[in-house]
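Reading the structure
Chain by chain, the residues:
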Amino acid sequence: MDILVLNGSPRPAGNTSQMIAAFREGAESAGHKVDVVDVCRMKIGGCLACEYCHTKGNGQCVQKDDMQEIYSLLDETEMLVLASPIYYHNVSGQLKCVIDRFYAKLYPKKPGKLSKVAMILSSGDPEMYEGAMFSYNGDFLGYLGLEDMGMFTHNSYEPEMKAEELEALKAFGASL
Ligand SMILES: Cc1cc2nc3c(=O)[nH]c(=O)nc-3n(C[C@H](O)[C@H](O)[C@H](O)COP(=O)(O)O)c2cc1C
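Before going into details, it helps to say that this report is about the structure given with it. (Residues numbered from 1 in each chain as written. Predicted model: local features only at pLDDT ≥ 70, side-chain atom pairs only at ≥ 80, totals over all residues.)

1. Quick word on the sheet that holds strand S5 (residues 147–155)
- Sheet architecture is open: five strands sit in the order S2-S1-S3-S4-S5, paired in parallel fashion. Edge positions in the sheet fall to strand S2 (33–38) and S5, since each has one partner strand and no second. In this sheet, adjacent strand axes meet at a mean angle of 15° when their direction is disregarded.
- Pairing of strand S3 (residues 79–85) with strand S4 (residues 116–123), which is carried by seven bridges, proceeds in the parallel orientation. Residue Ala 83 lies in a different strand from S4, and its bridge partner there is Ile 120.
- Contacts from helix H1 (residues 15–29) reach strand S1 (2–7), S2, S3, S4 and S5, with the element oriented near 145° to S4. (Pairing = 2+ DSSP bridges. Helix = DSSP H or I, 4+ residues; strand = E, 2+ residues; numbered from the N terminus. Axes fitted to C-alpha atoms, helices over the stretch in contact; angles between N-to-C directions. Contact = placed C-beta atoms within 7 Å.)

Listed below in structure tokens is the structure:
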């Protein structure tokens, strides 16, 4: 299946990036197509709440920025992976802008092929995931009705992934 990973970390060698790489290795070994989009390297503005997408835009966002690349991928994606460091108890601001811009594509209904979701989070302190989980549970599982494929977390302020954590992500990808 086509899997879209949205990487909300700006650190190319950080924890989130390493977790994604392990997941990707496993998923690709099982024959899946994995697109990883580094949203922090893109120019994606916040939602303007102009409602163009729900009126004369007919599902198209009025902002012609790098979000257009993600909109195109969402048309083919069966599984979405939201991956982010925890910033102030939630996903990074860069990823939050992308999620808000889903308003054009995923509201009031999701694109046809999208049916599964998973989350990868890295925080400094343990048990810092409630804010991100609130959105995951409410918006992605509840509202959109996506199938919950799992959540993977790590905590350390500097990149310090443990081999067993990376192995678990690789095995998860391979199990899909
Ligand atoms: C702006 C900012 C805000 C942060 N806020 C939190 C927080 O609220 N709770 C926490 O446990 N860690 C927080 N952290 C630490 C990061 O979540 C942690 O270092 C994480 O492992 C970074 O992931 P990365 O290596 O993938 O970038 C914050 C870091 C930054 C830069």
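Past the structure itself, the notes keep going.
2. Considerations on unusual backbone geometry
- A cis geometry characterises the amide bond from Tyr 107 onward to Pro 108, with omega recorded as 5°.
- Tracing the sequence through the fold places Pro 108 in the loop between helix H3 (93–106) and S4.
- Here the phi dihedral of Glu 127 falls at roughly 60°; this positive angle occurs in a residue that is not glycine.
- Positionally, Glu 127 belongs in the loop between S4 and helix H4 (130–143).

3. Considerations on the pairing of S2
- Here S1 pairs with S2 via six bridges, running parallel. Bridged to Leu 4 within S2 is Asp 35.
- Once you follow S1 into H1 and on to S2, the crossover reads as right-handed. (Right-handed = clockwise from strand over helix to strand, strands pointing away.)

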